[in-house]
Amino acid sequence: MPRFERKALMEKFQDMKRRRIPIIGGGAGTGLSAKCEEEGGIDLIVIYNSGRYRMAGRGSLSGVLAYGNANDVVLEMAREVLPVTRRTPVLAGVNGTDPFCIFDKFLDDLKALGFSGVQNFPTVGLIDGVLRANLEETGMSYGLEVDMISLARSKDMLTTPYVFNAGEAEAMARAGADIIVCHLGLTTGGSIGSRTALKLADCPALVDQWAEAALKVNPEAIIIVHGGPVSMPEDAAFILRNTRNCHGFYGASSMERLPTEIALVEQTRAFKAISFT
């Protein structure tokens, strides 16, 4: 597949922002997911280790645990996803806290493979409490993810980092992030979705708060929302209609896992309902 240049992508996305056309991105854990998303007209695709685990029936948070080398998994997934996408930029989820990764070379390798940009995943932003404090204290901080995004931006790659609060939104904007993705937590719904989540009605205020922090640094930043109770198209529409500064939606579980669960269950039930008479 061709690698899309950041300048052309940002011209397209800024035009969509001005025309109030929602920017829709999605995760792909398989080549089939990527093909179907492209056929549906998606604007960008991101692949990372959780996509593989999610489509193997495991919860998305498996991607932040020690079940495999996240950056190596992305390279493996590239062989499956990149060859089947033709019209859509594909971004790589990069574990920016990996102490064994030489990021200058790794990002160059991603570009050479055909990736158009990066996202910070796995991310310590999903971790809170004492464990998060200890990670920050012992050299595995969110700041390293900010550094990775800054390096990718210097290489003219599209950057779409996850942020989890206003301070992180500001930091990523200062790093030159193109699209700030307001992460509202593990996606709800389905067989392996979260049951502990924010209330949908409380999310627009959070998104606006984080967006304001980013836009103070970069008035041209694009803001999109992801996760938590925003799991279906009507949820995303609610966010867009009730925020001052939200320009789209990024779905992972909601874009590939939930539709797959629903379709497979219903198709199986339909086959089980057939009879000889």
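Residues numbered from 1 in each chain as written. Predicted model: local features only at pLDDT ≥ 70, side-chain atom pairs only at ≥ 80, totals over all residues. Heavy atoms only, no water.

Chemist: What's the story with the pairing of strand β8 (residues 222–226) in this structure? I'm lost.
Modeler: A regular strand carries its side chains on alternate faces of the sheet. Taken across its five residues, β8 has five buried, putting it largely inside the fold. The side-chain alternation of β8 yields two buried faces, one formed by Ile222, Ile224 and His226 and the other by Ile223 and Val225. Examined bridge by bridge, strand β7 (residues 179–183) and β8 share five bridges and lie parallel to one another. Across the sheet, residue histidine 183 finds its bridge partner in β8, namely histidine 226. (Buried < 20%, exposed > 50% of the residue type's maximum accessible area, 1.4 Å probe, protein only. Helix = DSSP H or I, 4+ residues; strand = E, 2+ residues; numbered from the N terminus. Pairing = 2+ DSSP bridges.)

Chemist: Any chance you could explain the layout of surface pockets here in plain terms?
Modeler: Think of a ball as big as a water molecule: rolled over the atoms, this probe shows where empty space is left. Quantified by volume, the largest pocket comes out at close to 440 Å³. Forming the boundary of the largest pocket are 22 residues, of which Val64, Leu65, Asn95, Thr97 and Pro122 lie nearest the centre. Contributions of two or more residues to the lining of the largest pocket are made by α4 (70–81) and α6 (129–137). A class-by-class count of the residues in the lining of the largest pocket yields 13 nonpolar, seven polar and two charged. Considering only enclosed or pocket space, the second largest pocket measures out at about 270 Å³ in volume. Forming the boundary of the second largest pocket are Gly125, Leu126, Ile127, Asp128, Arg132, Phe164, His183, Leu184, Gly185, Leu198, Leu206 and Trp210. When the residues that make up the lining of the second largest pocket are grouped by side-chain class, the tally is seven nonpolar, three polar and two charged. (1 Å grid on protein atoms, 1.4 Å probe; cavity = no way out; pocket = protein on both sides within 12 Å on 5 of 7 lines; lining within 4 Å. Points joined across faces, edges and corners; volume = space filled by probe spheres on them. Nonpolar A, V, L, I, M, F, W, Y, C, P; charged D, E, K, R; others polar.)

Chemist: Can you help me understand the packing of aromatic side chains in this one?
Modeler: Geometry of an aromatic ring pair is reported as the spacing of the ring centres plus the angle between the planes. Overall, the coordinates contain four aromatic pairs when judged by the stated rule. Where tyrosine 162 meets phenylalanine 164, the ring centres are 6.5 Å apart and the plane angle is 55°; that geometry is what we call tilted. Pairing tyrosine 162 with tyrosine 250 gives two aromatic rings, centres 6.1 Å apart and planes at 55°, and the pair type is tilted. With tyrosine 162 in strand β6 (residues 162–163) and tyrosine 250 in strand β9 (residues 248–251), this pair connects stretches of sequence that are 88 residues apart. There is no split in this pair, since tyrosine 162 and tyrosine 250 are both buried. (Phe/Tyr/Trp six-rings, centres within 6.5 Å; stacked < 30°, edge-to-face > 60°.)

Chemist: Any chance you could explain empty space enclosed by the protein here in plain terms?
Modeler: All told, the structure shown has one cavity of 30 Å³ or more when counted by the stated rule. Volume-wise, the largest cavity comes out at about 130 Å³. Residue classes in the lining of the largest cavity are distributed as seven nonpolar, seven polar and one charged.

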